[in-house]
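Observations on chain architecture
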Amino acid sequence: MGTGRVALLVLFSAALLQALLPAPAEGLVRIALTKRPAIENEERRRGFLGSSSNDAAASKEKTEEAAAEGDIVGELGGAGSCLHGTARLLAFQSTLSTLISLAAFQDNCYSSSILKIQDLHGKCFEVGKNFRRKPASIRYGTGAISGYFSLDSVKIGDVVVKSQDFIEATREPSITFMVAKFDGILGLGFKDISVGKAVPVWYNMVKQGLVEDPVFSFWFNRHAGQGQGGEIVFGGIDPSHYRGNHTYVPVTRKGYWQFDMGDVLIGGKSTGFCAAGCAAIADSGTSLLTGPTAIITQINQKIGATGVVSQECKAVVSQYGQQILDQLLAETQPTKICSSVGLCTFDGTHDISTGIRSVVDDEVGESNGVLSNAMCNACESAVVWMHNQLAQNQTEDLVLQYVNELCERIPNPMGESTVDCSRLASMPDIAFTIGGRKFVLKPKQYILKVGEGPSTQCISGFTAMDIPPPRGPLWILGDIFMGAYHTVFDYGNLRVGFSEAA
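An unreviewed UniProt entry annotates the chain as Peptidase A1 domain-containing protein originating from Eragrostis curvula. Of the chain, the UniProt comment under Sequence similarities (unreviewed entry) reads exactly: "Belongs to the peptidase A1 family." The Function (unreviewed entry) comment attached to the chain in UniProt states, word for word, "Involved in the breakdown of propeptides of storage proteins in protein-storage vacuoles."

Thoughts on the overall build of the chain
The helix and strand inventory of the chain stands at 10 helices and 28 strands. In the chain, buried positions account for 53% of the 502 residues. The contacts of the chain with a sequence gap of at least 6 include a subset with a gap of at least 24, amounting to 72%. In the structure as shown, the chain presents an accessible area of about 22,400 Å², 50% of it carried by carbon and sulfur atoms.

Some details on the sheet that holds strand β19 (residues 289-291)
With mixed pairing, the 5 strands of this open sheet are ordered in space as β15-β18-β26-β19-β25. Only two strands of the sheet have a single neighbouring strand rather than two, namely β15 (258-261) and β25 (462-464). Ignoring which end each strand starts from, the neighbouring axes of this sheet average 25 degrees apart. Sheet strands in contact with helix α4 (residues 293-303) are β19, β25 and β26 (474-477), and its direction is about 140 degrees off that of β25.

What to know about the pattern of salt bridges
Side-chain pairing between opposite charges can occur once the charged atoms of the two side chains come close. Counted under the stated rule, the structure contains 6 salt bridges. We note a salt bridge from Glu408 to Lys314, for which the minimum N-O separation is 3.1 Å. A residue pair is termed long-range when its members are at least 10 positions apart, and Glu408 in the loop between α8 (396-406) and β20 (418-419) and Lys314 in helix α5 (residues 311-329) qualify at 94 residues. The partly exposed category is assigned to Glu408, whose relative accessible area is 39%. Taken together, the shared-partner salt bridges in this structure form one network comprising Arg30, Glu231 and Asp238.

Here we look at the state of the cysteines
Applying the stated criterion to the full structure yields 5 disulfides. In this model Cys344 forms its disulfide with Cys376; the gap between the sulfur atoms is 2.0 Å. Where Cys344 bonds to Cys376 through sulfur, the torsion about that S-S bond is close to 110 degrees, and the disulfide is right-handed. Of the two residues, Cys344 sits in the loop between α6 (334-340) and α7 (359-391) while Cys376 sits in helix α7, which places them 32 residues apart along the sequence. Residue Cys376 is classed as buried on the basis of its relative accessible area, which comes to 13%.

Thoughts on the packing of aromatic side chains
What the rule picks out here adds up to 22 aromatic pairs. Summarising the aromatic geometry, the rings of Phe439 and Tyr485 are spaced 5.0 Å apart at their centres and angled 85 degrees between planes, so their arrangement reads as edge-to-face. Here Tyr485 lies in strand β27 (residues 485-490) and Phe439 lies in strand β22 (residues 437-441), a separation of 46 residues in the sequence. By the burial criterion, Phe439 is buried, and Tyr485 matches it. In textbook terms, an aromatic cluster arises when at least three aromatic residues are bridged by ring pairs, as seen for Phe190, Trp202, Tyr203, Phe216, Phe218, Phe220, Phe234, Trp257, Phe489 and Tyr491. In this arrangement the basic side chain of Arg495 is found over the ring face of Tyr248, its NZ or CZ atom lying 3.7 Å from the centre.

Some details on α5
Over its 19 residues, α5 runs 25 Å from end to end, which matches the ideal 27 Å to within 8%, given 1.5 Å per residue. Within α5, the axis deviates most sharply at Tyr320, by approximately 70 degrees. Those residues of α5 lying buried are Cys313, Ala315, Val316, Val317, Tyr320, Gly321, Ile324, Leu325, Gln327 and Leu328. Following α5 by one or two positions, Glu331 has its phi on the positive side, about 65 degrees.

Thoughts on the packing of α5 against α8
At a minimum axis separation of 11 Å, α5 and α8 run at an interaxial angle of 140 degrees. As the angle between them shows, α5 and α8 are arranged oblique. The interaxial crossing formed by α5 with α8 has right-handed handedness. Contact residues: α5 offers Lys314, Val317, Gly321, Gln322, Leu325 and Leu329, while α8 offers Glu396, Val399, Leu400, Val403 and Asn404.

Regarding the packing of α4 against α8
Interaxial distance between α4 and α8 falls to 9 Å at its minimum, and their mutual angle equals 95 degrees. With respect to α8, the element α4 is oriented roughly perpendicular. On α8, the residues that touch Thr297, Gln298 and Gln301 of α4 are Tyr402, Glu405 and Leu406. Grouping the constituent residues of the contact of α4 with α8 by class yields 2 nonpolar, 3 polar and 1 charged.

Considering the nonpolar core
With 60 residues, the main nonpolar core has Ile156, Met205, Phe234, Phe432, Trp475 and Phe481 as its most contacted residues. Among the domains, domain 1 (29-37 + 68-107 + 133-211) and domain 2 (242-305 + 416-501) are the pair contributing at least three residues each to this core. Core analysis: the next-biggest nonpolar cluster, separate from the first, contains 31 residues, Ala382, Leu390, Tyr402 and Ile410 among them.

With respect to the pairing of strand β28 (residues 495-501)
Side-chain positions along a regular strand alternate between the two faces of the sheet. For β28, a buried count of 5 out of 7 residues is recorded, marking the element as mostly surrounded by other parts of the structure. Pairing of strand β14 (residues 242-250) with β28, which is carried by 6 bridges, proceeds in the antiparallel orientation. What sits directly across from Pro250, in β28, is Arg495. Taken together, β27 and the strand that follows it, β28, pair antiparallel across an intervening segment of 4 residues, in which Leu494 is found at a positive phi of about 50 degrees.

Things to note about the side chain of Thr487
Looking at the element boundaries, Thr487 is found in strand β27. At a separation of 3.0 Å, a polar atom in the side chain of Thr487 contacts the main-chain carbonyl oxygen of Tyr485. Each residue touching Thr487, except ones within four places of it in the same chain, is listed here: Phe216, Ser217, Phe218, Ala282, Met482, Val496, Gly497 and Phe498.

Brief notes about the sheet that holds β22
In spatial order, the strands read β17-β16-β21-β22; together these 4 strands make up an open sheet with antiparallel pairing. A strand with exactly one partner marks an edge of an open sheet, and here the two such strands are β17 (269-270) and β22. As paired elements, strand β21 (residues 430-434) and β22 share 5 bridges and run antiparallel to each other. Following the sheet pairing, Ile430 is matched in β22 by Leu441.

Conventions we followed
Residues numbered from 1 in each chain as written. Predicted model: local features only at pLDDT ≥ 70, side-chain atom pairs only at ≥ 80, totals over all residues. Heavy atoms only, no water. UniProt positions renumbered as here; feature names shortened; annotations may be inferred. Helix = DSSP H or I, 4+ residues; strand = E, 2+ residues; numbered from the N terminus. Buried < 20%, exposed > 50% of the residue type's maximum accessible area, 1.4 Å probe, protein only. Contact = heavy atoms within 4.5 Å. Areas by Shrake-Rupley, 256 points an atom, 1.4 Å probe, with all protein chains shown as cover. Pairing = 2+ DSSP bridges. Axes fitted to C-alpha atoms, helices over the stretch in contact; angles between N-to-C directions. Salt bridge = Lys/Arg side-chain N within 4 Å of Asp/Glu carboxyl O. Disulfide = S-S within 2.5 Å. Phe/Tyr/Trp six-rings, centres within 6.5 Å; stacked < 30°, edge-to-face > 60°. Lys NZ or Arg CZ within 6 Å of the ring centre and 35° of its normal. Expected span 1.5 Å × (residues − 1). Bend = angle between axes of the 7 residues up to and from the residue. Parallel < 35°, antiparallel > 145°, perpendicular 65-115°, else oblique. Left-handed = near helix turned anticlockwise from the far one by under 90°. Nonpolar A, V, L, I, M, F, W, Y, C, P; charged D, E, K, R; others polar. Core = buried A, V, L, I, M, F, W, Y, C linked by side-chain atoms within 4.5 Å. Domains from an automatic or database assignment. Polar contact = N/O pair within 3.5 Å; in protein donor to acceptor, adjacent residues only side chain to side chain.

Okay, structure coming up:
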């Protein structure tokens, strides 16, 4: 970042362009999306969840032609602004769902050197060079920014949101923000997790009567080539974006657009782990589908995805496998088994004392703690896998053999898992149970193809992340899921809806 320049952070799964669309229905604000090649999206596949929510990430093709034609979906300096169009936003929505994060990246962008700013009533006033603003910082799953709070009018599509708080980012140390092709972040989550208690732009759009209904929806056009990649609709739903009826589920935790989800099935068979329920977040700021290691490993094994060999997992199976099986057959509560064999200090309800720690224990410290956690995690996964196989009436020998195979398919924590492109036709469907309905993903929907011709590489659309209770176990349903299913965020009724995308 050069002297006197600050970067505009705006994430979205595709570049947001102010496309030439038909005249919108009254009360609807439409933002067109343009696809970006998957190979350019590498950093965003894991998502920016850290302070994240349902939001979206955006990027734009930085070409001279695009810039000349004014591919803008929003700008600082709309009607009534102190800046009079000096700064532009090229994309909206974030993984941090609380506020807009903006600053100068190009010469025509917002500049902190401007000494005329807006007050809470929308009036402009001048400040001196030593004027001190409230500092702000945000840490994401893949980076961090810091800067200052500012206030101005923000144009989104054809409407102007007045007196909008945003962060003017003056420091972006992460490589993510240096290489990514986006200019700002617009959060569309709940105020409950707003940094600095700033009012999110969506709240102001509703409060200022800029939308007809307190609803916004996402449609990703998976049939397009490099043309229109879909649309965000603020203020309602476009019936041409989906087929059938939406299945709605209530928001269970405000902050993120979080809801309850049921079982995950591989080829119609239960994976067991979420049969009693898991939490989920719809998040277009994440490209992939993120879920518990215990389930992602089963999916990896069925689709032939590469993984890493877990020695801790193999040690659990060889040393404790029969004990775990015996306890499962004796109908011991699965959540209590790993504590009973001494590998975990948690029995599903409360911590269990592991005895008085000695001076030697303190000195060996961190490395033993890491190993202990790894053994506990491996045990908990093994219990899930064994319990699920026993429910399918598998013999004890076959159960142990299957779990050993899974120990060699643990998702790589350092990156994605590749698959053989020639095997797509034989891969199983993966289904998610939401609101009592099965939402099925076909292999062509959950496998990402990168490159063309002989150099084409296929990547599993699943990645692992374990969120402990009470917030977890948690799934993040990213662009892969939202591309298959039109997603509605109903702010007025606090619910999320899904229907087959058109």
